[in-house]
Amino acid sequence: MIQDYLRIALRNITHRKLRSWLTAIGIIIGVASVVALISVSQGMQGAIEEQFEQMGTDTITITPTSFTGPGSTAEAPFDDGDVRVIERIPEIDTVLPMMYGTAKFTFHNQDSYSYLMGIPLDKESNKVWDDIGWDILEGRFPEAGKKEVGIGYLAAKEMFDDELRVKNTIMVNDEKFKIVGIAKEVGNSQDDTAIYMDVDVAKDILDQEDYNMIMAKVKPGNDAELVADKVQRKLEKYRDAEDFNALTPSEILEQINDILGIIQLVLVGIAAISLLVGAIGIMNTMYTSVLERTKEIGIMKAIGASNNAIMMIFLAEAGILGIVGGIVGTILGMIMGKGVEIAAGSSGFIPLRVEISWPLILGAISFAFLIGALSGTLPALGAAKLKPVDALRHE
Amino acid sequence: MKAIIDVQDVWKIYQMGSVEVPALRGLDITINKGDFAVIMGPSGSGKSTAMNMVGALDLPTKGIVKLDGRNIAHMDESTLAQVRGEKIGFVFQTFNLIPTLTAIENVTLPMIFKRSFVLDKVEKAKKILRLVGLGERMTHRPGELSGGERQRVAIARSLANDPEIILADEPTGNLDSKMGEQIMDLLLDLHEKHKKTLIIVTHDPRFAKLKGVDNVFWLKDGAIEKKRREK
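Residues numbered from 1 in each chain as written. Chains lettered and ligands numbered in written order. Predicted model: local features only at pLDDT ≥ 70, side-chain atom pairs only at ≥ 80, totals over all residues. Heavy atoms only, no water.

Colleague: Can you help me understand the overall build of chain B in this one?
Modeller: Assigned secondary structure in chain B consists of six helices and ten strands. Here the C-alpha atoms of chain B give a radius of gyration of 17 Å, agreeing with the 17 Å that 2.2 N^0.38 yields for 231 residues. Each of the three principal axes of chain B carries a C-alpha extent, and together these read 50 × 40 × 40 Å. The proportion of buried residues among the 231 residues of chain B is 56%. In chain B, the proportion of contacts linking residues at least 24 apart, taken out of those at least 6 apart, comes to 70%. When the accessible surface of chain B is totalled, it reaches about 10,400 Å², and 50% of it is carbon and sulfur. For chain B, the distance from the average position of its 35 positive side-chain charges to the average position of its 30 negative side-chain charges is 2 Å. (Helix = DSSP H or I, 4+ residues; strand = E, 2+ residues; numbered from the N terminus. Rg over C-alpha atoms; globule rule 2.2 N^0.38 Å. Buried < 20%, exposed > 50% of the residue type's maximum accessible area, 1.4 Å probe, protein only. Contact = heavy atoms within 4.5 Å. Areas by Shrake-Rupley, 256 points an atom, 1.4 Å probe, with all protein chains shown as cover. Lys, Arg positive; Asp, Glu negative; His and termini not counted. Charge placed at Lys NZ, Arg CZ, Asp CG, Glu CD.)

Colleague: What am I meant to see in the confidence of the model for chain A here?
Modeller: Where the model shows low pLDDT, its predicted coordinates should not be examined in detail. Looking at chain A, the pLDDT average stands at 87 and 96% of residues meet or exceed 70. Per-element mean pLDDT across chain A ranges from 78 in helix H4 (residues 123-131) of chain A up to 93 in helix H10 (residues 294-302) of chain A. (pLDDT = per-residue confidence, 0-100.)

Colleague: Just to check I follow, could you spell out the environment of methionine 99 of chain A for this structure?
Modeller: All names here are of chain A. Its location among the elements puts methionine 99 in strand E2 (residues 92-107). Between the C-alpha atoms of methionine 99 and methionine 213, which are 114 residues apart in sequence, the distance is 6.5 Å. For methionine 99, the residues in contact, after removing those within four places along its chain, are Leu116, Met117, Gly118, Val199, Ala202, Lys203, Leu206, Gln208, Glu209, Asp210, Tyr211 and Asn212.

Colleague: Help me out: how do you make sense of the packing of helix H3 (residues 103-113) of chain B against helix H4 (residues 121-131) of chain B in this one?
Modeller: Each packed pair of helices is defined by two parameters, the angle between the axes and the distance between the axes. All names here are of chain B. Close contact between H3 and H4 brings their axes to 9 Å; oriented N to C, the two are set at 120 degrees. For the pair H3 and H4, the sense of crossing is right-handed. Across the interface between the two elements, Ala103, Ile104, Val107, Thr108, Met111 and Ile112 from H3 touch Lys121, Val122, Lys124, Ala125, Lys126 and Leu129 from H4. Classifying every residue of the contact of H3 with H4 gives eight nonpolar, one polar and three charged. (Axes fitted to C-alpha atoms, helices over the stretch in contact; angles between N-to-C directions. Left-handed = near helix turned anticlockwise from the far one by under 90°. Nonpolar A, V, L, I, M, F, W, Y, C, P; charged D, E, K, R; others polar.)

Colleague: I tried to follow a nonpolar patch on the surface on my own but got confused; where do I start?
Modeller: Residue and element names in this part refer to chain A. Judged by side-chain polarity, Trp21, Ile323, Val324, Ile327, Ile331, Leu332, Ile335, Met336 and Phe369 come together as a nonpolar surface patch covering roughly 780 Å² of accessible area. In terms of residues, the nonpolar patch owes the most to one element, helix H11 (residues 307-346), which gives seven residues. For valine 324, a relative accessible area of 30% gives the class partly exposed. (Patch = residues over 30% accessible without salt bridge, like charges linked within 9 Å, V, L, I, M, F, W, Y side chains within 5 Å. Salt bridge = Lys/Arg side-chain N within 4 Å of Asp/Glu carboxyl O.)

Colleague: Can you help me understand the domain arrangement of chain A in this one?
Modeller: The domains assigned to chain A are domain 1 (2-52 + 254-393) and domain 2 (58-247). Centre-to-centre, using C-alpha coordinates, domain 1 of chain A lies 50 Å away from domain 2 of chain A. (Domains from an automatic or database assignment.)

Colleague: Before we go on, may I ask you to explain the nonpolar core in this structure?
Modeller: Note on soluble globular proteins: their nonpolar side chains tend to be buried together. Ranked by internal contacts, the top residues of the largest apolar core, which has 79 residues, are Ile5, Leu109 and Phe113 of chain B. Top element by residues in this core is H11 of chain A. It accounts for ten residues. If near-sequence neighbours (up to four positions away) are discounted, phenylalanine 113 of chain B is found in contact with Tyr5, Met300, Ile303, Gly304, Ala305, Ala309 and Ile313 of chain A together with Gln82 of chain B. Ile62, Ala155, Val218 and Ala246 of chain A belong to the second-largest nonpolar core, a separate cluster that totals 44 residues. (Core = buried A, V, L, I, M, F, W, Y, C linked by side-chain atoms within 4.5 Å.)

Colleague: Whenever I open this one, the packing of aromatic side chains confuses me. Can you help?
Modeller: Between two aromatic rings, the relevant description is the distance of the centres plus the angle of the planes. Per the counting criterion, the structure on display carries five aromatic pairs over all chains. Seen from their ring centres, tyrosine 100 of chain A and tyrosine 115 of chain A are 5.6 Å apart, and the 45 degrees between their planes marks the pair as tilted. With tyrosine 100 of chain A in strand E2 and tyrosine 115 of chain A in strand E3 (residues 110-119), this residue pair connects regions lying 15 residues apart in the sequence. Directly above the aromatic system of tryptophan 218 of chain B lies the positively charged group of lysine 226 of chain B, at a separation of 4.1 Å from the ring centroid. (Phe/Tyr/Trp six-rings, centres within 6.5 Å; stacked < 30°, edge-to-face > 60°. Lys NZ or Arg CZ within 6 Å of the ring centre and 35° of its normal.)

Colleague: So what exactly am I meant to see when it comes to helix H1 (residues 47-54) of chain B here?
Modeller: One full turn of an α-helix is made of 3.6 residues, so residues set three or four places apart face in the same direction. Of all eight residues in H1 of chain B, seven are buried, a share of seventy percent or more. Backbone geometry just after H1 of chain B places alanine 56 of chain B at a positive phi near 55 degrees.

Colleague: What am I meant to see in the interface of chain A and chain B here?
Modeller: By convention, interface size is frequently given as the accessible area that disappears when the constituent parts associate. Contacts between chain A and chain B engage 25 residues on the former and 29 residues on the latter. Carbon and sulfur atoms make up 61% of the surface buried where chain A meets chain B, a total of about 2,400 Å² over both sides. When residues of chain A are sorted by the area they lose upon contact with chain B, Arg11, Ile303 and Val389 of chain A head the list and together hold 26% of the total. Linking chain A with chain B are four salt bridges, by the criterion used here. The salt bridge partner of aspartate 4 of chain A is lysine 121 of chain B, with a shortest N-O separation of 3.1 Å. Counting residues per element, the ones that place at least two in the side of chain A that touches chain B are helix H1 (2-15), H10, H11 and helix H13 (388-393) of chain A. With seven residues, H1 of chain A is the largest single contributor of residues to the side of chain A that touches chain B. Here the side of chain A that touches chain B is built from residues that sort into 13 nonpolar, five polar and seven charged. (Buried area = accessible area lost by both parts, 1.4 Å probe.)

Colleague: So what exactly am I meant to see when it comes to the sheet that holds strand E10 (residues 223-229) of chain B here?
Modeller: Residue and element names in this part refer to chain B. The six strands are arranged E6-E7-E8-E3-E9-E10 in an open sheet whose pairing can be described as mixed. Two strands close off the open sheet at either side, each with one partner strand: strand E6 (88-91) and E10. Across the sheet, the mean angle from the axis of one strand to that of its neighbour is 15 degrees, orientation sign disregarded. Where strand E9 (residues 215-220) and E10 come together, six bridges link them in antiparallel fashion. The partner of leucine 219 across the bridge, within E10, is isoleucine 224. Along the sheet, H1 contacts strand E3 (36-40), E6, strand E7 (165-169), strand E8 (197-202) and E9; its crossing angle with E8, the most-contacted strand, is approximately 155 degrees. Packing of helix H6 (residues 177-193) onto the sheet brings it into contact with E3, E7 and E8, and relative to E8 it is tilted by some 150 degrees. (Pairing = 2+ DSSP bridges.)

Colleague: Whenever I open this one, the sheet that holds strand E1 (residues 3-16) of chain B confuses me. Can you help?
Modeller: In sheet architecture, strand pairing relies on hydrogen bonds along the backbone and comes in two forms, parallel and antiparallel. Residue and element names in this part refer to chain B. As summarised here, the arrangement of the four strands in space is E2-E1-E4-E5, forming an open sheet in which the pairing is antiparallel. If you trace the sheet from one side to the other, it starts and ends with strand E2 (19-32) and strand E5 (70-71), each paired once. When E1 meets E2, the two strands line up antiparallel, connected through eleven bridges. Within E2, the residue paired with methionine 16 across the bridge is valine 19. Along the sheet face, H1 touches E1, E2 and strand E4 (62-67) and points at about 130 degrees away from the line of E1.

Written as structure tokens, this is what we have:
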């Protein structure tokens, strides 16, 4: 029975191909944009999570509450006093105060501005860099106290017309430095385009005393989140201010995910509007269809079709339009997502992987079917309620 | 003889704006099982409304319509559709086939709508199509068939659920005289060989003179003016 209704519905759809496709396009656009947005933001989330996994779970990051990314004008807020407070906490292993800023680099008489990171490079610190998988591709790490720099993977290749190599000399804010190492590719453009040197040397070069952020490694066997809370408490007491956050990678990740979630909700909400328009399109087509086929409805009723049967035929028709729109839209959305992946990859942005997730595919298609069937309900009810005599008389 | 259709003092009044227009004024028609009946009348005589009553397509404003002993006023819409589908096979002047479906699919349609499951609908449809003389072109759509062929498909469709009654509304009205004769022969054949109750609604007086007609009802102004019963 059901398959018979489906066949009748399918015949009606294929009978007026153009109109059916136009109707389906409404749903296709809506579903494609929703699928593309969801898969891209899922890919983005995955990429960010991957970055944090590299950091390990036992590193606490202490950052000012105000935004202090590259290019920010906020003051570097931490000084050696803060570092000592953290060092005194017994659960803390190593404390790594860091500073960063923009500096002028000169190589072969060519100037370039880039991101300079001052990081501690003593023995203890180097162990931490090793742990988080930060590695040298060629050469070695710069040494503490020496005028040596390590170059990020992309910086070496792209900063100057000539590629930077180990043993080259480079001017940093007009002072001579020796390149001792090229870093392995990390995967995010910020780290890969930076240039690294010892934090104490960076103080002179950047002409600043304070640190932009502090990383602290927790001694093995301690709960990183509890230690982070302790750091927060002790440092708050010392500084007498709540202008910073001591967070573990998983806590930071949670915060980022919260923000991403809101962005995702807003974007998908906007895309959902086009789905609504698609649904209205289906409803419109179905009303037209009922009107055009009033006589057929009368015939079918005369030869024994119950109201339910008529209703089912029209619902099937709307549902098929929805499901076809859903399938084509999902495929299109996936292609769009892959396109974003390729574009993001080639622009050196965070490499995101847009994965084909079955729950998303099945969810999108069944949702489209539901939308189709729902928008078909009113027209189908109208068709079912027609009186056979009136419908038969209709030309 | 048992009456398969019993129409007693039926009135049908249409509301046209504020005016009430009676289309039937006390119609009485009784047709026995296995009869060949002709309901005849000029246009405006209430012939179409009478057919709607006899075919259980519409309910009377007043009076009783009994189909195989059951009052159709007591049935809900779904039951009425079911009874129509199983007891009556309709043949219309304009064929009224579904244009998007093939001949076979048109014939299976009443079986699809039947509440009980029909095994091998397509095979049955083919058998009926061969019976009505349309052994070929069964997979064609109505638009690809001639008028006579279309009417054969319509007759095959009317037979799909083995109904006791075939109700034909001007079955030859849209056909040339040669094709009309062939269709008439087919209908008479179904009546004689397959013992179907055949009811023809028409304005054409020639049908009243056909051999084998059991009842003729002449309609005028929504009521029976004259009736003739053979035998």
